[in-house]
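Residue strings, one per chain:
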Amino acid sequence: MSNSPSRLSGLPQLLALAAAAALLTGCSMIPKYERPAAPVADQYPTTSGWIAESAQTQPTPNTPAAADIEWQAFFSDPQLRKLIDAALRNNRDLRIAVLNIEQARAQYGIRRADQFPTISAGITGSRQPNANGNGSISSAYTGGLLMTSYELDFFGRVASLKEAALAQYLATEEGRKTTQISLIAAVANTYLALLADEELLAITQQTLATREESLKLSKLRFDNGVTSELDYRQAESVTEGARVALAQQVRQRALDQNALTLLLGQPLTGELAVALPAGKGLSDAPMMIDVPAGLPSDLLTRRPDVRQAEQQLLSANADIGAARAAFFPRISLTASAGSASSHLSGLFKSGSYGWTMAPQLILPLFDAGRNRAGLDSANAGRDIAIAQYEKSVQTAFREVADALAGRATLGEQLRAQQAQANSEATRFKLADLRYQNGIASYLDQLDAQRALFAARQAVVQTRLAQLQSQVTLYKTLGGGWKEPPPEEALSLKVDTRLSR
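Residues numbered from 1 in each chain as written. Predicted model: local features only at pLDDT ≥ 70, side-chain atom pairs only at ≥ 80, totals over all residues. Heavy atoms only, no water.

Draft legend 1. Representation of the environment of Leu299 within the structure. The residue Leu299 is located in helix α8 (residues 299–302) in this model. Among residues more than four places away in sequence, those in contact with Leu299 are Tyr44, Val306, Ala396, Phe397, Val400, Thr476 and Leu477. (Helix = DSSP H or I, 4+ residues; strand = E, 2+ residues; numbered from the N terminus. Contact = heavy atoms within 4.5 Å.)

Written out as structure tokens, the structure reads:
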């Protein structure tokens, strides 16, 4: 550090130089980004030709898009809304997704700080023998402001890394939205499954009661020699079969309740216990809004998981810019401004001020192919990100198409299933009447009883599939997360910038 009173203005000059260097940066080697073409059809497939158009459920033309419908409006059941609200507050997967955003924001802050010089205050001292060999020791003490190894980003390497970190941060935000949408759909589907469990449990209990009465009658007829032991053992077998089904239903309800507890992230006690669908069935579930499918191109802007994949592609694209910049000279600057003295007591005395500046230029000449391998890796990473983006679009298309197929066919299936159950109920009454009057065998009555039980179960399962298909369509179209109004979104961005 040079000692001169004339260097009193060294600090302002140092800061001015750093500011000028920051203004000189801006050259970017990031490839121009073009969104890959969506590898899907322009329209979703239809089921026309198999199911009559009159039997297919069609949304009204004025129905808003799924992504514009808040989950509170889509789900009208107050008990379900209470459960979803609890899950959004306590679910650990969603909490992890929010914390991932905070971590990515911090990483972006680190990369952003790399564009600016780091200035520190410090005092250093050194003592060493003189070279004249007389045994004397020389001392040097410095103190002041230091700027160490600030890279002048002429070729955009640091800026490219910052852009990559920003894209990763935005990707984590989209990931959190995806997690929320999936969580809402999972809670709704589990709630509907519990409703189905309650209804199936009631059907099984009714069937078991009927079979127990039939078993008593068969035992009485067998004891009096009216029927053979074969009829009695058959009645006993179907009764025990009903008990098996009852145990299965009780277990399934417990499993679904455990799944709901995990989704909510807290025990089902207090108000949440009251919100459980005890004694209710799927027929008691309020109707949900039937949303329009829109076009496959809408998925690119409305599905958070697709937007997340695109942000990751943008990050990989920015990494190429950083890898390209590694081939060019790297210029760094180390500087200091303050006081220097050969005696610690005179470090800050008048006349000891000065400054030093040490620019460094490093031009890669031979690195055994390290930079080339880094660029090849970045290009491969970009190609992987493109494939992942295209896969996310194809997956989204397939999920919506599957949900639309369910909406188009499950309504007709439920109608036919209910009609079959009604026919089986009539058949059982007639078979039982014929058996009681000795016209038909017990096998006819037993077969009708089994068919009725299976048909009633199928009705519940089909109704569950239909309702869950509505939830799935809402989810696959990006429902469950609504973008804030422009003015609110702007305020959120301002708050985020201030927090940085």
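Now, onward.
Draft legend 2. Quick peek at helix α9 (residues 304–325). Helix length check: α9 (22 residues) gives 32 Å between terminal C-alpha atoms against 32 Å at 1.5 Å per residue, within 8%. For α9, a buried count of 16 out of 22 residues is recorded, marking the element as mostly surrounded by other parts of the structure. (Expected span 1.5 Å × (residues − 1). Buried < 20%, exposed > 50% of the residue type's maximum accessible area, 1.4 Å probe, protein only.)

Draft legend 3. Up close: the packing of aromatic side chains. Tallied over the entire structure, the rule returns seven aromatic pairs. Centre to centre, the rings of Tyr44 and Phe397 are 5.2 Å apart; their planes meet at 25°, and the pair counts as stacked. Linking Tyr44 in the loop between α1 (10–24) and α2 (71–74) with Phe397 in helix α10 (residues 370–436), this pair joins segments that are 353 residues apart in sequence. Relative to Phe75, the ring of Phe74 has its centre 4.8 Å away and its plane inclined at 85°; by these criteria the two rings are edge-to-face. Here Phe74 and Phe75 have matching classes, each one buried. Counting every residue linked through ring pairs, the aromatic cluster contains Phe74, Phe75 and Tyr474. (Phe/Tyr/Trp six-rings, centres within 6.5 Å; stacked < 30°, edge-to-face > 60°.)

Draft legend 4. The pattern of salt bridges, seen in detail. Applying the stated criterion across every chain yields a total of 26 salt bridges. One salt bridge connects Glu102 with Arg105, and the closest N-O pair in it is separated by 3.7 Å. With Glu102 and Arg105 both in helix α4 (residues 92–113) and three residues apart, this pair spans about one turn of that helix. Residue Glu102 is classed as partly exposed on the basis of its relative accessible area of 38%. Between Arg307 and Glu174 there is a salt bridge; the shortest N-O distance is 3.2 Å. Placement of Arg307 in helix α9 and of Glu174 in helix α5 (residues 157–223) is noted, with a sequence separation of 133 residues between them. Here Glu174 falls in the buried class, since its relative accessible area comes to 12%. (Salt bridge = Lys/Arg side-chain N within 4 Å of Asp/Glu carboxyl O.)

Draft legend 5. A look at the packing of α10 against helix α11 (residues 442–476). Following both chains from N to C, one finds α10 and α11 inclined at 160°, their axes separated by 7 Å at the closest point. Judged on the interaxial angle alone, α11 and α10 are roughly antiparallel. Seen along the crossing, α10 lies across α11 with a hand that is left-handed. Its residues assigned to classes, the contact of α10 with α11 comprises 19 nonpolar, 12 polar and eight charged. (Axes fitted to C-alpha atoms, helices over the stretch in contact; angles between N-to-C directions. Parallel < 35°, antiparallel > 145°, perpendicular 65-115°, else oblique. Left-handed = near helix turned anticlockwise from the far one by under 90°. Nonpolar A, V, L, I, M, F, W, Y, C, P; charged D, E, K, R; others polar.)

Draft legend 6. Inspection of the nonpolar core at higher detail. Judged by nonpolar contacts, the single largest core of 56 residues is most densely connected at Phe75, Val187 and Leu264. The residues touching Val187, leaving out its near neighbours within four places in the chain, are Leu80, Leu83, Ile84, Ala87, Leu260, Leu263 and Leu264. Core analysis: the next-biggest nonpolar cluster, separate from the first, contains seven residues, Val238, Tyr435, Tyr442 and Leu446 among them. (Core = buried A, V, L, I, M, F, W, Y, C linked by side-chain atoms within 4.5 Å.)

Draft legend 7. Broad picture of the packing of α9 against α10. One way to put it is that α9 packs onto α10 with a least axis distance of 8 Å and a crossing angle of 170°. Classified by the angle between their axes, α9 and α10 sit roughly antiparallel to one another.

Draft legend 8. The arrangement of the sheet that holds strand β3 (residues 330–341) in detail. Taken together, four strands build an open sheet; the order of strands is β1-β2-β3-β4 and the sheet is antiparallel. The open sheet is flanked by β1 (119–129) and β4 (353–362), the only strands paired with a single partner. The sheet shows a mean angle of 30° between the axes of neighbouring strands, direction not considered. (Pairing = 2+ DSSP bridges.)

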